[in-house]
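Overview (structure and organization)
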Amino acid sequence: MKEKKEENNLMEKIISLCKRRGFIFPGSEIYGGLANSYDYGPLGVELKNNIKNLWWKRFVHQRNDMVGIDAALIMNPKVWEASGHLKEFSDPLVECKKCKRRFRADHVNSKKCPDCGGVLGESRQFNLMLKTFLGPAEEKANEVFFRPETAQAMFVDFKNVLETSRKKIPFGIAQTGKAFRNEITPGNFIFRTREFEQMEIEYFIKENDWKDSFKYWQKEMWDWMTDALGLKKDSIHESDVPDGERAHYSKKTIDFEYDFPFGKSELYGLAYRADFDLKNHFKEAPYKDEETGEKFYPHVIEPTFGVDRSVLALIYDAYKEESERVVLKLKPMLAPYKVAVFPLLKNKPELVKIAREIYAGLKKEFNAVFDDRGNIGKRYYSQDEIGTPFCLTVDFESLENNDVTVRHRDTMAQERIKIKDLVKFLEDGIS
Ligand SMILES: [Zn+2]
(Lines give C-alpha, C1' and ligand atoms only; values in the text may rest on other atoms or scores of the structure.)
Protein backbone atom coordinates (compact mmCIF):
# COMPACT_ATOMS: atom_id res chain seq x y z
CA MET A 1 0.00 0.00 0.00
CA LYS A 2 2.83 2.32 0.91
CA GLU A 3 4.52 1.54 -2.38
CA LYS A 4 1.36 2.31 -4.28
CA LYS A 5 1.05 5.67 -2.60
CA GLU A 6 4.63 6.56 -3.43
CA GLU A 7 4.10 5.58 -7.05
CA ASN A 8 0.98 7.76 -7.26
CA ASN A 9 2.96 10.55 -5.73
CA LEU A 10 5.69 10.03 -8.33
CA MET A 11 3.14 10.20 -11.12
CA GLU A 12 1.92 13.53 -9.73
CA LYS A 13 5.48 14.84 -9.59
CA ILE A 14 6.05 13.86 -13.20
CA ILE A 15 2.81 15.47 -14.36
CA SER A 16 3.74 18.60 -12.45
CA LEU A 17 7.26 18.69 -13.92
CA CYS A 18 5.83 18.21 -17.41
CA LYS A 19 3.54 21.19 -16.95
CA ARG A 20 5.97 23.47 -15.09
CA ARG A 21 8.80 23.01 -17.60
CA GLY A 22 6.73 22.99 -20.79
CA PHE A 23 6.71 19.33 -21.77
CA ILE A 24 2.97 18.65 -21.60
CA PHE A 25 0.01 20.88 -20.71
CA PRO A 26 -3.67 19.99 -20.20
CA GLY A 27 -5.41 20.73 -23.53
CA SER A 28 -7.67 23.81 -23.74
CA GLU A 29 -6.76 24.50 -20.12
CA ILE A 30 -8.14 28.05 -19.95
CA TYR A 31 -11.56 26.63 -20.81
CA GLY A 32 -11.35 23.91 -18.17
CA GLY A 33 -9.66 21.35 -20.41
CA LEU A 34 -11.29 18.78 -22.67
CA ALA A 35 -11.81 15.14 -21.75
CA ASN A 36 -8.26 14.10 -20.95
CA SER A 37 -6.64 15.84 -23.94
CA TYR A 38 -3.09 17.14 -23.69
CA ASP A 39 -0.86 19.55 -25.61
CA TYR A 40 2.86 19.10 -26.06
CA GLY A 41 4.74 22.27 -25.10
CA PRO A 42 8.10 23.60 -26.36
CA LEU A 43 10.15 20.84 -24.69
CA GLY A 44 7.59 18.08 -25.18
CA VAL A 45 7.44 18.58 -28.92
CA GLU A 46 11.25 18.34 -29.10
CA LEU A 47 11.29 15.09 -27.13
CA LYS A 48 8.46 13.67 -29.21
CA ASN A 49 10.07 14.69 -32.51
CA ASN A 50 13.39 13.20 -31.41
CA ILE A 51 11.67 9.87 -30.77
CA LYS A 52 9.85 9.95 -34.11
CA ASN A 53 12.93 10.99 -36.07
CA LEU A 54 15.05 8.30 -34.45
CA TRP A 55 12.37 5.72 -35.24
CA TRP A 56 12.10 6.83 -38.87
CA LYS A 57 15.86 6.83 -39.32
CA ARG A 58 16.22 3.36 -37.79
CA PHE A 59 13.27 1.62 -39.44
CA VAL A 60 13.01 3.46 -42.78
CA HIS A 61 16.21 5.27 -43.82
CA GLN A 62 18.71 2.75 -42.53
CA ARG A 63 16.95 -0.19 -44.16
CA ASN A 64 16.62 -1.38 -47.72
CA ASP A 65 13.30 -3.09 -47.28
CA MET A 66 11.15 -0.25 -45.96
CA VAL A 67 9.38 2.80 -47.38
CA GLY A 68 7.15 5.36 -45.71
CA ILE A 69 3.80 6.99 -46.42
CA ASP A 70 1.76 9.78 -44.84
CA ALA A 71 -1.93 9.16 -45.49
CA ALA A 72 -5.11 11.16 -44.85
CA LEU A 73 -6.60 10.93 -41.35
CA ILE A 74 -10.10 10.53 -42.72
CA MET A 75 -10.55 7.72 -45.19
CA ASN A 76 -13.48 6.44 -47.23
CA PRO A 77 -15.85 4.70 -44.76
CA LYS A 78 -15.71 1.61 -46.95
CA VAL A 79 -12.18 1.11 -45.61
CA TRP A 80 -13.59 0.58 -42.11
CA GLU A 81 -16.33 -1.66 -43.39
CA ALA A 82 -13.77 -3.88 -45.11
CA SER A 83 -11.34 -3.80 -42.18
CA GLY A 84 -14.05 -4.93 -39.79
CA HIS A 85 -13.72 -1.87 -37.56
CA LEU A 86 -17.30 -0.66 -37.99
CA LYS A 87 -18.56 -4.02 -36.79
CA GLU A 88 -15.89 -5.27 -34.43
CA PHE A 89 -13.96 -2.34 -33.01
CA SER A 90 -15.80 -1.94 -29.76
CA ASP A 91 -15.44 -2.22 -26.01
CA PRO A 92 -18.01 -3.53 -23.53
CA LEU A 93 -19.77 -0.61 -21.84
CA VAL A 94 -21.75 -0.54 -18.61
CA GLU A 95 -23.82 2.34 -17.27
CA CYS A 96 -24.49 3.09 -13.60
CA LYS A 97 -28.27 3.15 -13.02
CA LYS A 98 -27.89 5.77 -10.30
CA CYS A 99 -25.32 8.38 -11.46
CA LYS A 100 -25.48 7.45 -15.18
CA ARG A 101 -21.69 7.38 -15.49
CA ARG A 102 -20.31 4.93 -18.02
CA PHE A 103 -17.40 2.52 -17.60
CA ARG A 104 -15.59 -0.13 -19.56
CA ALA A 105 -17.04 -3.39 -18.29
CA ASP A 106 -13.61 -5.02 -18.19
CA HIS A 107 -12.27 -2.16 -16.04
CA VAL A 108 -14.78 -2.56 -13.19
CA ASN A 109 -14.49 -5.63 -11.04
CA SER A 110 -17.80 -5.74 -9.28
CA LYS A 111 -21.42 -5.08 -10.21
CA LYS A 112 -21.26 -1.79 -8.30
CA CYS A 113 -20.42 1.67 -9.64
CA PRO A 114 -16.84 2.63 -8.64
CA ASP A 115 -17.96 6.27 -8.20
CA CYS A 116 -21.26 6.11 -6.29
CA GLY A 117 -21.77 2.44 -5.45
CA GLY A 118 -24.97 2.30 -7.52
CA VAL A 119 -26.01 -0.77 -9.50
CA LEU A 120 -24.45 -1.20 -12.94
CA GLY A 121 -26.69 -2.14 -15.87
CA GLU A 122 -26.13 -4.83 -18.49
CA SER A 123 -22.97 -4.59 -20.56
CA ARG A 124 -23.34 -3.63 -24.25
CA GLN A 125 -20.85 -3.10 -27.08
CA PHE A 126 -19.76 0.48 -27.77
CA ASN A 127 -17.97 1.28 -31.06
CA LEU A 128 -14.76 3.24 -30.57
CA MET A 129 -14.70 4.92 -33.98
CA LEU A 130 -14.80 8.72 -33.78
CA LYS A 131 -17.44 10.01 -36.17
CA THR A 132 -17.84 13.29 -38.04
CA PHE A 133 -19.41 14.58 -41.27
CA LEU A 134 -17.72 15.72 -44.47
CA GLY A 135 -19.46 18.61 -46.18
CA PRO A 136 -22.27 20.86 -44.97
CA ALA A 137 -25.03 18.29 -44.48
CA GLU A 138 -25.04 16.20 -41.31
CA GLU A 139 -26.64 13.14 -42.84
CA LYS A 140 -25.80 9.46 -42.97
CA ALA A 141 -24.38 9.70 -46.52
CA ASN A 142 -21.75 12.20 -45.34
CA GLU A 143 -20.75 10.26 -42.24
CA VAL A 144 -17.02 9.58 -41.99
CA PHE A 145 -14.59 8.41 -39.30
CA PHE A 146 -11.24 9.52 -38.03
CA ARG A 147 -8.85 6.60 -38.41
CA PRO A 148 -8.60 4.42 -35.26
CA GLU A 149 -5.17 3.15 -36.39
CA THR A 150 -2.65 4.28 -39.01
CA ALA A 151 -2.42 0.73 -40.34
CA GLN A 152 -5.29 0.63 -42.85
CA ALA A 153 -3.78 3.24 -45.20
CA MET A 154 -0.74 1.01 -45.61
CA PHE A 155 -3.01 -1.79 -46.84
CA VAL A 156 -5.22 0.42 -48.99
CA ASP A 157 -2.14 2.04 -50.60
CA PHE A 158 -0.35 -1.31 -50.96
CA LYS A 159 -0.53 -1.50 -54.77
CA ASN A 160 0.40 2.16 -55.27
CA VAL A 161 3.43 1.72 -53.04
CA LEU A 162 4.41 -1.54 -54.70
CA GLU A 163 4.21 -0.08 -58.20
CA THR A 164 6.10 3.11 -57.39
CA SER A 165 8.79 1.78 -55.05
CA ARG A 166 9.79 -1.40 -56.94
CA LYS A 167 9.98 -3.29 -53.65
CA LYS A 168 9.69 -7.07 -53.47
CA ILE A 169 8.44 -9.22 -50.64
CA PRO A 170 9.65 -9.22 -47.93
CA PHE A 171 9.29 -5.46 -47.49
CA GLY A 172 7.50 -3.05 -45.20
CA ILE A 173 5.55 0.22 -45.21
CA ALA A 174 5.96 2.58 -42.28
CA GLN A 175 3.82 5.47 -41.13
CA THR A 176 3.65 7.80 -38.17
CA GLY A 177 0.64 9.91 -37.32
CA LYS A 178 -2.44 10.56 -35.27
CA ALA A 179 -5.22 8.09 -34.63
CA PHE A 180 -8.49 8.54 -32.74
CA ARG A 181 -10.51 6.26 -30.48
CA ASN A 182 -13.60 7.26 -28.62
CA GLU A 183 -12.38 5.58 -25.41
CA ILE A 184 -15.04 5.08 -22.75
CA THR A 185 -12.61 5.90 -19.95
CA PRO A 186 -9.43 7.71 -20.96
CA GLY A 187 -6.91 8.25 -18.18
CA ASN A 188 -3.51 8.03 -16.60
CA PHE A 189 -2.20 11.29 -18.10
CA ILE A 190 -1.08 10.73 -21.72
CA PHE A 191 -1.32 6.92 -21.42
CA ARG A 192 -4.88 6.63 -22.72
CA THR A 193 -6.26 9.59 -24.66
CA ARG A 194 -8.86 9.78 -27.40
CA GLU A 195 -6.41 11.44 -29.78
CA PHE A 196 -2.96 9.86 -29.90
CA GLU A 197 -0.01 9.22 -32.15
CA GLN A 198 1.32 5.96 -33.53
CA MET A 199 4.41 4.73 -35.35
CA GLU A 200 3.46 1.63 -37.28
CA ILE A 201 4.98 -0.84 -39.68
CA GLU A 202 3.16 -3.29 -41.91
CA TYR A 203 5.70 -5.87 -42.97
CA PHE A 204 4.63 -7.99 -45.96
CA ILE A 205 5.80 -11.58 -46.20
CA LYS A 206 5.00 -14.98 -47.63
CA GLU A 207 2.73 -17.00 -45.36
CA ASN A 208 5.37 -19.64 -44.65
CA ASP A 209 7.74 -17.06 -43.22
CA TRP A 210 5.42 -15.63 -40.61
CA LYS A 211 6.94 -17.31 -37.55
CA ASP A 212 10.49 -16.26 -38.40
CA SER A 213 9.41 -12.74 -39.28
CA PHE A 214 7.41 -12.43 -36.07
CA LYS A 215 10.45 -13.48 -34.03
CA TYR A 216 12.66 -11.08 -35.97
CA TRP A 217 10.35 -8.11 -35.25
CA GLN A 218 10.00 -9.14 -31.64
CA LYS A 219 13.76 -8.69 -31.30
CA GLU A 220 13.77 -5.46 -33.33
CA MET A 221 11.17 -3.97 -30.98
CA TRP A 222 13.10 -5.13 -27.95
CA ASP A 223 16.30 -3.53 -29.30
CA TRP A 224 14.44 -0.30 -30.02
CA MET A 225 13.19 -0.08 -26.43
CA THR A 226 16.44 -1.01 -24.73
CA ASP A 227 19.15 0.30 -27.10
CA ALA A 228 17.56 3.21 -28.96
CA LEU A 229 15.36 4.58 -26.17
CA GLY A 230 17.52 3.16 -23.39
CA LEU A 231 14.59 1.98 -21.23
CA LYS A 232 15.46 -0.23 -18.27
CA LYS A 233 15.27 -3.89 -19.29
CA ASP A 234 13.75 -4.93 -15.96
CA SER A 235 10.79 -2.63 -16.55
CA ILE A 236 9.78 -4.25 -19.84
CA HIS A 237 7.70 -7.44 -20.01
CA GLU A 238 6.39 -9.47 -22.91
CA SER A 239 2.95 -10.97 -22.71
CA ASP A 240 1.38 -13.34 -25.19
CA VAL A 241 -2.22 -12.24 -25.73
CA PRO A 242 -4.45 -15.33 -25.44
CA ASP A 243 -7.19 -16.44 -27.86
CA GLY A 244 -10.36 -14.44 -27.40
CA GLU A 245 -8.55 -11.33 -26.15
CA ARG A 246 -6.77 -10.41 -29.36
CA ALA A 247 -7.99 -7.78 -31.82
CA HIS A 248 -10.38 -9.18 -34.42
CA TYR A 249 -7.72 -9.25 -37.15
CA SER A 250 -4.89 -10.90 -35.23
CA LYS A 251 -3.74 -14.53 -35.23
CA LYS A 252 -0.96 -13.89 -32.72
CA THR A 253 -0.18 -10.84 -30.61
CA ILE A 254 2.54 -10.01 -28.14
CA ASP A 255 2.12 -6.99 -25.89
CA PHE A 256 5.23 -5.26 -24.66
CA GLU A 257 4.32 -4.01 -21.22
CA TYR A 258 6.14 -1.43 -19.19
CA ASP A 259 6.10 -0.83 -15.44
CA PHE A 260 4.40 2.57 -15.45
CA PRO A 261 3.85 4.32 -12.08
CA PHE A 262 0.19 3.24 -12.23
CA GLY A 263 1.10 -0.39 -12.92
CA LYS A 264 2.23 -2.71 -15.67
CA SER A 265 0.52 -1.60 -18.88
CA GLU A 266 0.83 -1.99 -22.62
CA LEU A 267 3.54 0.09 -24.26
CA TYR A 268 3.75 -1.49 -27.73
CA GLY A 269 2.19 -4.38 -29.60
CA LEU A 270 3.29 -6.87 -32.22
CA ALA A 271 0.61 -8.65 -34.23
CA TYR A 272 0.41 -11.24 -36.97
CA ARG A 273 -2.51 -10.03 -39.09
CA ALA A 274 -2.19 -12.87 -41.62
CA ASP A 275 -3.71 -11.87 -44.99
CA PHE A 276 -6.86 -10.53 -43.34
CA ASP A 277 -6.54 -6.91 -44.49
CA LEU A 278 -5.26 -7.26 -48.05
CA LYS A 279 -7.89 -9.94 -48.72
CA ASN A 280 -10.65 -7.64 -47.52
CA HIS A 281 -9.45 -4.64 -49.54
CA PHE A 282 -8.42 -6.25 -52.83
CA LYS A 283 -10.74 -8.44 -54.89
CA GLU A 284 -7.76 -9.80 -56.77
CA ALA A 285 -4.47 -10.83 -55.19
CA PRO A 286 -2.35 -7.67 -55.31
CA TYR A 287 1.07 -9.31 -55.47
CA LYS A 288 2.76 -11.30 -58.21
CA ASP A 289 5.93 -13.28 -57.68
CA GLU A 290 8.30 -12.25 -60.47
CA GLU A 291 9.95 -15.66 -60.76
CA THR A 292 7.02 -18.02 -60.51
CA GLY A 293 4.33 -15.67 -61.80
CA GLU A 294 2.17 -16.78 -58.90
CA LYS A 295 -0.34 -14.21 -57.63
CA PHE A 296 -1.09 -14.16 -53.92
CA TYR A 297 -2.12 -12.18 -50.88
CA PRO A 298 0.95 -11.34 -48.79
CA HIS A 299 0.74 -11.94 -45.05
CA VAL A 300 1.51 -9.19 -42.58
CA ILE A 301 3.52 -8.74 -39.40
CA GLU A 302 2.62 -5.50 -37.63
CA PRO A 303 4.88 -3.82 -35.05
CA THR A 304 2.99 -0.91 -33.45
CA PHE A 305 4.64 1.75 -31.31
CA GLY A 306 2.67 4.34 -29.34
CA VAL A 307 4.37 7.73 -29.48
CA ASP A 308 2.71 9.22 -26.40
CA ARG A 309 3.35 6.07 -24.39
CA SER A 310 7.00 6.23 -25.49
CA VAL A 311 7.19 9.79 -24.17
CA LEU A 312 5.62 8.80 -20.85
CA ALA A 313 7.82 5.71 -20.39
CA LEU A 314 10.94 7.71 -21.27
CA ILE A 315 10.25 10.55 -18.85
CA TYR A 316 9.37 8.12 -16.06
CA ASP A 317 12.40 5.92 -16.78
CA ALA A 318 14.74 8.92 -16.87
CA TYR A 319 13.33 10.70 -13.80
CA LYS A 320 15.70 10.59 -10.83
CA GLU A 321 15.54 12.35 -7.50
CA GLU A 322 18.98 12.94 -6.05
CA SER A 323 19.87 14.68 -2.80
CA GLU A 324 19.90 18.21 -4.20
CA ARG A 325 18.36 17.92 -7.58
CA VAL A 326 15.84 16.28 -9.89
CA VAL A 327 17.45 15.03 -13.07
CA LEU A 328 16.05 13.55 -16.27
CA LYS A 329 18.70 11.08 -17.39
CA LEU A 330 17.50 10.93 -20.99
CA LYS A 331 19.83 9.66 -23.67
CA PRO A 332 21.54 12.81 -25.02
CA MET A 333 20.17 12.08 -28.49
CA LEU A 334 16.60 12.29 -27.16
CA ALA A 335 17.01 15.29 -24.84
CA PRO A 336 15.05 18.41 -25.92
CA TYR A 337 18.10 20.67 -25.56
CA LYS A 338 21.53 19.23 -26.28
CA VAL A 339 23.45 22.06 -24.69
CA ALA A 340 22.96 25.14 -22.48
CA VAL A 341 25.33 28.12 -22.66
CA PHE A 342 25.93 30.47 -19.70
CA PRO A 343 28.06 33.51 -19.01
CA LEU A 344 29.38 33.10 -15.44
CA LEU A 345 28.11 36.58 -14.54
CA LYS A 346 25.32 38.49 -16.20
CA ASN A 347 26.86 41.91 -15.51
CA LYS A 348 30.24 41.27 -17.19
CA PRO A 349 29.76 42.30 -20.83
CA GLU A 350 33.02 40.63 -21.93
CA LEU A 351 31.74 37.23 -20.69
CA VAL A 352 28.21 37.74 -22.04
CA LYS A 353 29.58 38.65 -25.47
CA ILE A 354 31.60 35.43 -25.82
CA ALA A 355 28.75 33.31 -24.42
CA ARG A 356 26.34 34.87 -26.94
CA GLU A 357 28.75 34.15 -29.81
CA ILE A 358 29.23 30.52 -28.75
CA TYR A 359 25.45 30.12 -28.38
CA ALA A 360 24.78 31.58 -31.84
CA GLY A 361 27.38 29.25 -33.38
CA LEU A 362 26.16 26.10 -31.64
CA LYS A 363 22.52 26.85 -32.43
CA LYS A 364 23.24 26.22 -36.11
CA GLU A 365 24.09 22.60 -35.27
CA PHE A 366 22.15 21.70 -32.10
CA ASN A 367 19.03 22.71 -30.22
CA ALA A 368 20.74 24.97 -27.68
CA VAL A 369 19.52 27.30 -24.95
CA PHE A 370 21.02 30.43 -23.37
CA ASP A 371 20.59 31.29 -19.69
CA ASP A 372 22.05 34.11 -17.59
CA ARG A 373 19.55 34.19 -14.70
CA GLY A 374 20.48 33.57 -11.07
CA ASN A 375 23.60 31.73 -10.06
CA ILE A 376 25.39 28.95 -11.91
CA GLY A 377 24.24 26.24 -9.50
CA LYS A 378 20.59 27.08 -10.08
CA ARG A 379 21.11 27.13 -13.83
CA TYR A 380 22.68 23.66 -13.71
CA TYR A 381 19.76 22.25 -11.71
CA SER A 382 17.29 23.90 -14.01
CA GLN A 383 18.88 22.15 -17.01
CA ASP A 384 19.19 18.82 -15.13
CA GLU A 385 15.45 18.80 -14.59
CA ILE A 386 14.77 18.92 -18.35
CA GLY A 387 17.55 16.51 -19.28
CA THR A 388 20.05 18.84 -21.00
CA PRO A 389 23.20 16.68 -21.18
CA PHE A 390 25.81 19.47 -21.33
CA CYS A 391 26.15 22.96 -19.83
CA LEU A 392 28.90 25.34 -21.00
CA THR A 393 30.03 28.24 -18.83
CA VAL A 394 32.07 31.17 -20.09
CA ASP A 395 34.20 32.46 -17.18
CA PHE A 396 37.25 34.71 -16.71
CA GLU A 397 39.64 31.92 -17.71
CA SER A 398 37.80 31.75 -21.03
CA LEU A 399 39.06 35.27 -21.85
CA GLU A 400 42.67 34.10 -21.62
CA ASN A 401 42.50 30.47 -22.78
CA ASN A 402 39.67 30.48 -25.35
CA ASP A 403 37.99 27.60 -23.54
CA VAL A 404 34.87 27.00 -21.44
CA THR A 405 33.84 24.85 -18.49
CA VAL A 406 31.78 21.90 -19.67
CA ARG A 407 29.60 20.33 -17.00
CA HIS A 408 28.15 16.84 -17.51
CA ARG A 409 24.54 16.25 -16.45
CA ASP A 410 24.73 12.71 -15.05
CA THR A 411 28.06 12.82 -13.21
CA MET A 412 28.15 16.59 -12.61
CA ALA A 413 31.86 16.31 -13.53
CA GLN A 414 33.47 19.36 -15.12
CA GLU A 415 36.22 19.77 -17.69
CA ARG A 416 37.72 22.53 -19.84
CA ILE A 417 37.17 22.35 -23.60
CA LYS A 418 38.59 24.75 -26.23
CA ILE A 419 35.88 26.83 -27.88
CA LYS A 420 37.02 25.70 -31.34
CA ASP A 421 36.54 22.03 -30.34
CA LEU A 422 33.00 22.40 -28.95
CA VAL A 423 31.07 21.25 -32.03
CA LYS A 424 33.13 18.07 -32.28
CA PHE A 425 32.87 17.49 -28.54
CA LEU A 426 29.07 17.78 -28.61
CA GLU A 427 28.71 15.68 -31.75
CA ASP A 428 30.60 12.86 -30.03
CA GLY A 429 28.67 13.35 -26.78
CA ILE A 430 25.19 13.09 -28.23
CA SER A 431 25.62 10.44 -30.91
ZN1 LIG B 1 -22.69 5.62 -10.11
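Description of the structure in this document.

About the criteria used
Chains are numbered independently. Their residues run from 1 in the order of the written sequence. For this predicted model, a pLDDT threshold of at least 70 governs which residues receive local features, and a threshold of 80 or more governs which side-chain atom pairs are given and counted, while totals over whole chains, interfaces and linings are taken from all residues. Side-chain measures here rest on the full set of heavy atoms in the structure, leaving out hydrogens and waters. Here a helix means four or more residues in a row that DSSP labels H or I, a strand means two or more in a row labelled E, and each is numbered from the N terminus. Per-residue accessibility, obtained with a 1.4 Å probe over protein chains only, is compared with the maximum for each type, and a residue is labelled buried under 20%, exposed over 50%, and partly exposed between these values. In what follows, residue pairs with any heavy atoms lying within 4.5 Å of each other are defined as contacts. Accessible areas in this description were obtained via Shrake-Rupley with a 1.4 Å probe; residue shielding takes into account the shown protein chains only. Counting rule applied: Lys, Arg positive; Asp, Glu negative; His and chain ends not counted. Every charge is mapped onto a representative atom, which is NZ of Lys, CZ of Arg, CG of Asp or CD of Glu. Coordination here is defined by N, O and S atoms within 2.8 Å of the metal (3.2 Å for Na, K and Ca), and since water is not considered, a site can look incomplete. Only two sets of limits are used to name each site, 85 to 135 degrees for every angle of a tetrahedral four-donor site, and over 155 degrees for opposite donors with all other angles from 65 to 115 for a square planar four-donor or octahedral six-donor site, with any other site named irregular. Only strands joined by at least two bridges in the DSSP assignment are considered to pair. To obtain an axis, a line is fitted to C-alpha atoms, over the contacting stretch when the element is a helix, and the angle between two such axes runs from 0 to 180 degrees between their N-to-C directions. Roughly parallel here means an angle under 35 degrees, roughly antiparallel means over 145, roughly perpendicular means 65 to 115, and every remaining angle is called oblique. Each crossing gets its handedness from the near helix: less than a right angle anticlockwise from the far helix is left-handed, clockwise is right-handed. Residue type decides the class: Asp, Glu, Lys and Arg count as charged, Ala, Val, Leu, Ile, Met, Phe, Trp, Tyr, Cys and Pro as nonpolar, and the leftover types, Gly among them, as polar. Between the first and last residue of a helix there are one fewer steps than residues, each counted as 1.5 Å, and that sum is the expected span. The directions from the helix axis to the C-beta atoms are what the arc is built from.

Bringing the overall build of the chain into the picture now. Helix and strand counts for the chain come out as 13 helices and 24 strands. Expressed along its principal axes, the backbone C-alpha trace of the chain runs to roughly 75 × 65 × 50 Å. Across the 431 residues of the chain, 50% fall into the buried class. Of all intrachain contacts in the chain linking residues separated by at least 6 positions in sequence, the fraction that spans at least 24 positions is 64%. Carbon together with sulfur atoms contributes 48% to the accessible area of the chain, which is approximately 22,000 Å² in total. Charged side chains in the chain number 70 positive and 71 negative. The centres of these two groups are separated by 3 Å.

Note on placement: Ile 74 falls in strand E4 (residues 74-75). The spatial distance from the C-alpha of Ile 74 to the C-alpha of Gly 374 is 50 Å, given a sequence separation of 300 residues. Contact partners of Ile 74, with chain neighbours within four places excluded, come to Thr 132, Leu 134, Val 144, Phe 145 and Phe 146.

Here the residue pair Ile 169 and Pro 170 is connected by a cis peptide bond, since its omega of 5° sits within 30 degrees of zero. Within the fold, Pro 170 resides in the loop between helix H6 (158-165) and strand E10 (171-180). Positive phi is not limited to glycine here, since Asn 36 has a value of about 55°. Its location among the elements puts Asn 36 in the loop between strand E1 (24-26) and strand E2 (38-40). Using a relative accessible area of 22% as the deciding quantity, one classes Asn 36 as partly exposed. Its identity as a non-glycine residue notwithstanding, Arg 166 has a phi of 55°, on the positive side. Examined against the element boundaries, Arg 166 turns out to sit in the loop between H6 and E10.

This part is about the coordination of the zinc ion. Here the zinc ion is held by the protein donor atoms Cys 96 (SG), Cys 99 (SG), Cys 113 (SG) and Cys 116 (SG), which lie 2.3 to 2.4 Å from it. Coordination geometry of the zinc ion: the 4 donor atoms subtend angles of 101 to 117° at the metal centre, consistent with an arrangement described as tetrahedral. Each donor residue of the zinc ion lies on the same chain, and together they follow the pattern C-x2-C-x13-C-x2-C. Its relative accessible area of 4% is what places Cys 113 among the buried residues. For Cys 116, a relative accessible area of 31% translates into the label partly exposed.

This next bit is on the pairing of strand E13 (residues 252-260). Put simply, side chains in a regular strand alternate between the two faces of the sheet. Taken across its 9 residues, E13 has 7 buried, putting it largely inside the fold. Sheet analysis places strand E12 (residues 236-240) next to E13, joined by 5 bridges and oriented antiparallel. Paired with His 237 across the strands is Glu 257, a residue of E13. Pairing of E13 with strand E14 (residues 263-274), which is carried by 9 bridges, proceeds in the antiparallel orientation. Of the residues in E14, the one forming a bridge with Ile 254 is Leu 270.

One open sheet holds the 3 strands; their spatial order is E6-E5-E7, and the pairing between them is antiparallel. The open sheet is flanked by strand E6 (102-104) and strand E7 (124-127), the only strands paired with a single partner. Shown here is a sheet whose adjacent strand axes are inclined to one another by a mean of 50°, direction ignored. As defined by bridge partners, strand E5 (residues 90-95) adjoins E6 across 3 bridges and the pair is classed as antiparallel. Looking at the pairing, Val 94 lines up with Phe 103 of E6.

Here we take up the sheet that holds strand E9 (residues 143-146). Whether parallel or antiparallel, the strands of a sheet pair through hydrogen bonds between backbone atoms. Taking strand neighbours across the sheet as the criterion, the 3 strands line up as E4-E9-E8 in an open arrangement whose pairing is antiparallel. Of all strands in the sheet, those with a lone pairing partner are E4 and strand E8 (130-133), marking the two edges. As paired elements, E8 and E9 share 4 bridges and run antiparallel to each other. Looking at E9, one finds that Lys 131 is bridged to Phe 145.

One way to put it is that helix H2 (residues 42-61) packs onto helix H7 (residues 210-228) with a least axis distance of 12 Å and a crossing angle of 140°. In terms of orientation, H2 and H7 fall into the oblique class. The hand of the H2/H7 crossing is right-handed. Contacts between H2 and H7 involve Ile 51, Leu 54, Trp 55, Arg 58 and Phe 59 on the former and, on the latter, Trp 217, Glu 220, Asp 223, Trp 224 and Ala 228. Looking at the contact of H2 with H7, its residues break down into 7 nonpolar, no polar and 3 charged.

Between its terminal C-alpha atoms H2 stretches 27 Å, which fits the 28 Å expected from 20 residues at 1.5 Å a residue. Three or more residues of H2 are buried, namely Leu 43, Gly 44, Leu 47, Lys 48, Asn 50, Ile 51, Lys 52, Leu 54, Trp 55, Phe 59 and Val 60.

Below, the discussion takes up helix H13 (residues 422-430). Those residues of H13 that fall on the buried side of the exposure criterion are Leu 422, Phe 425, Leu 426 and Ile 430. End-on view of H13: buried residues confined to an arc of 110°, all on one side of the axis. Contacts from the buried residues of H13 go to strand E20 (339-343), helix H10 (349-363), strand E22 (390-394), strand E23 (403-408) and strand E24 (414-418).

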